[in-house]
Amino acid sequence: MLVAGIKSRPLYPGFAPDRHCREHVFAIDGEGAQAVLDLFAAHGAQLSGRMTIVFADAAAGKSEYAARLDQLPVDVVHRMPTLGTAMQRLRAVLKASRMGTRIYAAGSETLIGLTVQIAQELGMDPQSVMTEHRGTLARRVQCVHCKGFTDNARTNIIQCAHCHANLLVRDHYSRRLAAFQGVCVDAEAPGELPEIVEIFK
Amino acid sequence: MTHVEIPVRVARIEMVADRIKSVRLMRTDGLPLPAFSAGSHVLVHLRAGSRTIKNPYSLAGPLHDTSWYEIAVLKAENSRGGSRFVHEQLHEGAQITISPPVSLFSLDLRARKHLLIAGGIGITPIMSMAAQLSELGAPFELHYCTRTHASGAYLDALKEAYGSRLHHYESARARRIDIERLLPQQPLGTHLYICGPQAMIEDVMRQARDAGWPTQHLHAEHFAAPSGGHPFDVKLLKSGRTIHVKEDESILQSLEDAGLTPPYLCRGGACGQCETSVASCDGSILHFDHYLSDEEKQAGNKIMICVSRLKGSRITLDL
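Residues numbered from 1 in each chain as written. Chains lettered and ligands numbered in written order. Predicted model: local features only at pLDDT ≥ 70, side-chain atom pairs only at ≥ 80, totals over all residues. Heavy atoms only, no water.

## Remarks on the overall build of chain B
We apply this condition: Here a strand is any run of E in DSSP of at least two residues, a helix any run of H or I of at least four, and the numbering for each starts at the N terminus. Every radius of gyration here is taken over C-alpha atoms, with the globule rule written as 2.2 Å times N^0.38, N being the number of residues. We call a residue buried when its accessible area falls under 20% of the maximum for its residue type, exposed when it is over 50%, and partly exposed in between, using a 1.4 Å probe and counting protein chains only. The sign given to each residue is positive for Lys and Arg and negative for Asp and Glu; His and the chain ends receive no count. All charge positions are set by atom: Lys at NZ, Arg at CZ, Asp at CG, Glu at CD.
Looking only at helices and strands, chain B has seven helices and 19 strands in total. For 319 residues, the compact-globule estimate of 2.2 N^0.38 gives 20 Å, and chain B sits close to it at 20 Å. Its C-alpha atoms give chain B principal-axis dimensions of roughly 60 × 50 × 35 Å. Taking all 319 residues of chain B together, the buried fraction comes to 51%. Of the side chains in chain B, 34 bear a positive and 34 a negative charge, and the two mean positions are spaced by 1 Å.

Following this line, the structure appears as structure tokens:
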């Protein structure tokens, strides 16, 4: 199956402190909060300047992370109820930022992908964004046929939320769209599907 | 690797500033010149006596007219022949050849803003960048540092074209660019491009890294002129031949004079095309390139034969 071994599959090398930057903006969701807590615990003394956290907090403040993030020596924590609103806030924060700002993204692949997409749209090189994957591997998938996006894909085969085609979820990734590509898997013999397995846990 | 040579005629030579001549080249075989992107350079092949000098020169323009190219040449104090030849011997009507344009210094058009910085003759590639950005309507600032007004090539034309987007600094009048102030003012998504004297490039690059600019946003045009040095011998591992490198010639030039055709592209230590493995040497390698990393230079098993030399008497190359 055409799922693995594709070069565009992003890699997430993990956070490292950038002691030269004068501003640090962290975009996180779910367990990505732990990556920020770990960075501050290990290298907090090396970070200086203005610090902003944009937290997509699906648990609405009830998770253990919300309170611990509030205790970090940061200037502001934007706690947003959904990934969508968090990304809107992130874009607004970055639009007003100047060079010398380092962008960090940690958490789901979807959050990382969307953060890199926003950074790129604002002229930043995607490689300059520090990324650390934590938590779910669920994917944001674009149907290559109808171009619609389907979120939270957990299985090798999904049904497109828009055109209902049965899609094979590939490793082929688009940084521009921040999505993996899904290709119709049963075009030759409609309804004949390979075994459906949960592989993006 | 084959090297295409384009036959051209020197259509016009003009003094455009103190010690700087612009040279306009037109193709002699009636074909259009290849279109090029901002920041590209060509190798100009000059026959000075028995030697052929191939020097890289950035294309100052024009971007869309394929009937001519313009380069600008500073008469260097310690010229190894190329710039002195252009200033003293090259005349209008002369027929020479050039390589097709190559770009090792290009705009990143994904940027939200472009910060262009030129020192002296470094204006040539920066000028074509400004022309392209202006045409695209992309935001940019052009900072141009010269010693005096008279040493600033194309200054009046740039002023007229770009108005307040041009910032000019004359060091003789104690006006200097304030990099430390300039860098933190730039909006997120700005890319920086610099061409000028080596010390200026290194200084600006260091300040930009210290100001937290990611390396992906820093672009510099580095052309090292192969400085002369002590003569030495090159032994070639595959053929067993030994070739002498004279004090005023590069390894690459000496190999070519001996009839060999090693790969090259920029001849200025920037592109990496002529990277050669070193089997052994009895001295230390003098690395003058900007391509190998510091670790690679220290390891001493690779050399860029267009600019680097040996401090010793014999080096054996895997050629």
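## A look at the interface of chain A and chain B
Interface size, as often reported, equals the accessible area lost upon joining of the parts. Formally: Residues count as neighbours in contact if any of their non-hydrogen atoms are within 4.5 Å of one another. A quick way to say it: buried area is the sum, across both parts, of accessible area lost when two parts are put together, with a 1.4 Å probe. The salt bridge criterion pairs a side-chain nitrogen of Lys or Arg with a carboxyl oxygen of Asp or Glu, the two atoms within 4 Å. For this analysis, a polar contact is any N or O atom pair within 3.5 Å, provided that within protein one partner can donate a hydrogen and the other can accept it, and provided that sequence-adjacent residues contribute only side-chain to side-chain pairs. Residues are grouped as follows: Ala, Val, Leu, Ile, Met, Phe, Trp, Tyr, Cys and Pro are nonpolar; Asp, Glu, Lys and Arg are charged; all remaining types, including Gly, are polar.
Across the contact, 20 residues belong to chain A and 21 residues belong to chain B. Carbon and sulfur atoms make up 54% of the area that chain A and chain B hide from each other, which totals about 1700 Å². On the chain A side of the interface with chain B, the three residues burying the most area are H20, R98 and M99 of chain A, jointly 36% of the side's total. Taken together, the links from chain A to chain B amount to one salt bridge. Of the charged contacts, one joins D125 of chain A and R110 of chain B as a salt bridge, the two residues approaching to 3.3 Å between their closest N and O atoms. The interface formed by chain A and chain B includes six residue pairs in polar contact (both at pLDDT 80 or more). Counting only elements with at least two residues in the side of chain A that touches chain B, the list comes to α3 (83-95) and β4 (101-107) of chain A. Sorting elements by how many residues they give to the side of chain A that touches chain B places β4 of chain A first, with three residues. By residue class, the composition of the side of chain A that touches chain B is seven nonpolar, eight polar and five charged.

## Brief notes about the packing of α3 of chain A against helix α4 (residues 109-121) of chain A
All names here are of chain A. Let me state the cut-off plainly: Between N-to-C directions, angles cover 0 to 180 degrees, with each direction set by a line fitted to C-alpha atoms, over the stretch in contact for helices. With respect to orientation, any angle under 35 degrees is reported as roughly parallel, any angle over 145 as roughly antiparallel, any angle of 65 to 115 as roughly perpendicular, and every other angle as oblique. Note: crossing handedness is left-handed where the near helix turns anticlockwise from the far helix by less than a right angle, and right-handed where it turns clockwise.
Between α3 and α4, the shortest axis-to-axis distance is 10 Å and the interhelical angle comes to 30°. Considering the angle they form, α3 stands roughly parallel to α4. As α3 packs across α4, the resulting crossing turns out to be right-handed. In this structure, α3 contributes L83, M87, L90, R91 and L94 to the contact, and α4 contributes T110, L111, L114, T115, I118 and E121.

## Comments concerning unusual backbone geometry
Residue and element names in this part refer to chain B. Here the residue pair G61 and P62 is connected by a cis peptide bond, since its omega of -10° sits within 30 degrees of zero. One non-glycine residue, Y154, adopts positive backbone phi at about 65°. Among the structural elements, Y154 can be located in the loop between β9 (140-146) and α3 (155-162). A positive phi is found at A174, a non-glycine position, where the angle reads about 60°. Locating A174 in the fold gives a position in the loop between β10 (166-170) and α4 (179-182).

## Some details on the sheet that holds strand β2 (residues 50-56) of chain A
All names here are of chain A. What counts here: Note: two strands are recorded as paired if DSSP finds a minimum of 2 bridges between them.
Taken in spatial order, the five strands line up as β3-β2-β1-β4-β5 in an open sheet, and their pairing is parallel. Here the strands that pair on one side only, and so sit at the sheet edges, are β3 (76-80) and β5 (130-133). If you compare each strand with its neighbour and ignore which way they point, the axes differ by 15° on average. Pairing between β2 and β3: five bridges, direction parallel. The residue of β3 that forms the bridge with I53 is V77. Sitting on the sheet, helix α1 (residues 32-43) touches β1 (23-29), β2, β4 and β5, and the angle it makes with β1 is about 145°. Those strands touched by α4 are β1, β4 and β5, and its axis lies near 160° from that of β4.

## Focus on the side chain of E249 of chain B
Residues and elements named next belong to chain B. Tracing the backbone shows E249 in the loop between β14 (242-245) and α6 (251-257). A relative accessible area of 4% places E249 in the buried class. Ignoring sequence-local partners within four residues, the contact set of E249 consists of R51, S254, D257 and R309.

## Observations regarding the packing of aromatic side chains
Keep this limit in mind: Pairs were defined over the aromatic rings of Phe, Tyr and Trp, the Trp ring being its six-membered one, requiring ring centres within 6.5 Å. Orientation was assigned from the angle between planes: stacked under 30 degrees, edge-to-face over 60, tilted for the rest.
For the structure shown, the criterion picks out eight aromatic pairs over all chains. Ring centres of F26 of chain A and F40 of chain A lie 5.8 Å apart, and the angle between their planes is 55°; this geometry places the pair in the tilted category. Remark: F40 of chain A occurs in helix α1 and F26 of chain A occurs in strand β1; sequence separation between them is 14 residues. Residues F26 of chain A and F40 of chain A agree in their burial class; the two are buried. Seen from their ring centres, F105 of chain B and Y193 of chain B are 6.5 Å apart, and the 70° between their planes marks the pair as edge-to-face. With F105 of chain B in the loop between β7 (102-103) and β8 (113-119) and Y193 of chain B in strand β11 (residues 190-195), the pair connects residues that are 88 residues apart, well separated along the chain. Y193 of chain B matches F105 of chain B in its accessibility class, with the two residues each being buried. Of the aromatic side chains, those joined through ring pairs into one cluster are F15, F26, F40 and Y104 of chain A.

## Points about the environment of V197 of chain A
Residues and elements named next belong to chain A. Relative to the helices and strands, V197 resides in the segment after β10 (179-184). Overall, the relative accessible area of 33% leaves V197 in the partly exposed class. Here the alpha-carbon distance between V197 and Y65, two residues 132 residues apart in the chain, equals 31 Å. Once you skip the residues sitting within four places of it in the chain, V197 turns out to touch R154, T155 and N156.

## Thoughts on the pattern of salt bridges
Residue and element names in this part refer to chain B. By the definition in use, this model includes 25 salt bridges over all chains. For R12, the salt bridge is made with E14, and the minimal N-O distance between the two is 3.1 Å. Accessibility expressed as a relative area gives 32% for R12, which makes it partly exposed. Of the charged contacts, one joins K54 and E256 as a salt bridge, the two residues approaching to 3.9 Å between their closest N and O atoms. Placement of K54 in strand β4 (residues 51-58) and of E256 in helix α6 is noted, with a sequence separation of 202 residues between them. With relative accessibility at 14%, the residue K54 sits in the buried group.

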